[in-house]
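# Residue-level structure breakdown
Chain residues, written in single-letter form:
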Amino acid sequence: PPPQGPRVRLAGMTKKRRNAGRNKKGRGHTPAVRCVNCARCVPKDKAIKRFQVRNLVEAGSQRDLRDASVFESYQLPKLYMKLLYCCSCAIHSRVVRVRSRENRKIREPPPRFRPAADGKKGGAPQQKK
């Protein structure tokens, strides 16, 4: 049997992340989800989540459909997918990058670049309101 006595917590124990890599905060257990890449079981709050919106039809076929369509302005449907990755696959497929100890403390998301309204490449970063 383990020794019975007062529990001593080591004060010098370091933590790599202030949230321990999870978003649990008071919940004892969270359901497991599967990684879309390797099918590993990952706690739902630990999984790296990305929302992907793609066109249902690739760009080459879109013009053919537009020309053959009877309707003037038919909006083609989009494919909405919520992708859940384990840490290993997210790093390996460059969904997230490894950051230095100082940069790990930066909690604000990186700037998002939106395409310009006139259709040219390279839009300006999105302004906060």
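Everything numeric here is computed off the predicted structure, so don't read it as measured data. (Residues numbered from 1 in each chain as written. Predicted model: local features only at pLDDT ≥ 70, side-chain atom pairs only at ≥ 80, totals over all residues. Heavy atoms only, no water.)

All right, on to the overall build of the chain then. When you go through the chain residue by residue, the secondary structure sums to 2 helices and 4 strands. Taken from the N to the C terminus, the helices and strands of the chain come in the order β-β-β-α-β-α. Counting across all 129 residues of the chain, residues that qualify as buried make up 12%. Put simply, of all contacts in the chain between residues at least 6 apart along the chain, 52% involve residues at least 24 apart. Surface exposure of the chain reaches about 12,300 Å², of which carbon and sulfur atoms provide 53%. (Helix = DSSP H or I, 4+ residues; strand = E, 2+ residues; numbered from the N terminus. Buried < 20%, exposed > 50% of the residue type's maximum accessible area, 1.4 Å probe, protein only. Contact = heavy atoms within 4.5 Å. Areas by Shrake-Rupley, 256 points an atom, 1.4 Å probe, with all protein chains shown as cover.)

Next up on the list: the nonpolar core. With 11 residues, the main nonpolar core is built from V33, C35, V42, A47, I48, L83, L84, Y85, C86, C89 and A90. Counting residues per element, the ones that place at least two in this core are β4 (78-85) and α2 (87-92). The element best represented in this core is β4, accounting for 3 residues. A47 has contacts with V33, V42, L84 and Y85, leaving out every residue within four places of it along the chain. (Core = buried A, V, L, I, M, F, W, Y, C linked by side-chain atoms within 4.5 Å.)

A word on the state of the cysteines. This model, assessed by the stated rule, comprises 0 disulfides. C38 supplies the cysteine sulfur nearest to C35, a cysteine that is in no disulfide, at a spacing of 3.8 Å. Here C35 falls in the buried class, since its relative accessible area comes to 4%. (Disulfide = S-S within 2.5 Å.)

On the surface, a cluster of nonpolar side chains totalling about 350 Å² of accessible area is made up of F51, V53 and Y80. Structurally, Y80 is set in strand β4. Residue Y80 is classed as exposed on the basis of its relative accessible area of 55%. (Patch = residues over 30% accessible without salt bridge, like charges linked within 9 Å, V, L, I, M, F, W, Y side chains within 5 Å. Salt bridge = Lys/Arg side-chain N within 4 Å of Asp/Glu carboxyl O.)

What follows deals with the environment of R101. Relative to the assigned elements, R101 resides in the segment after α2. Given a relative accessible area of 62%, R101 falls into the exposed group. Remark: the alpha-carbon pair of R101 and K16, spanning 85 residues in sequence, is separated by 8.5 Å.

On to the packing of aromatic side chains. Tallied over the full model, the rule gives 2 aromatic pairs. Ring centres of F71 and Y74 lie 6.3 Å apart, and the angle between their planes is 35 degrees; this geometry places the pair in the tilted category. Judged by its relative accessible area of 60%, F71 falls in the exposed class. What makes Y74 exposed here is its relative accessible area of 52%. (Phe/Tyr/Trp six-rings, centres within 6.5 Å; stacked < 30°, edge-to-face > 60°.)

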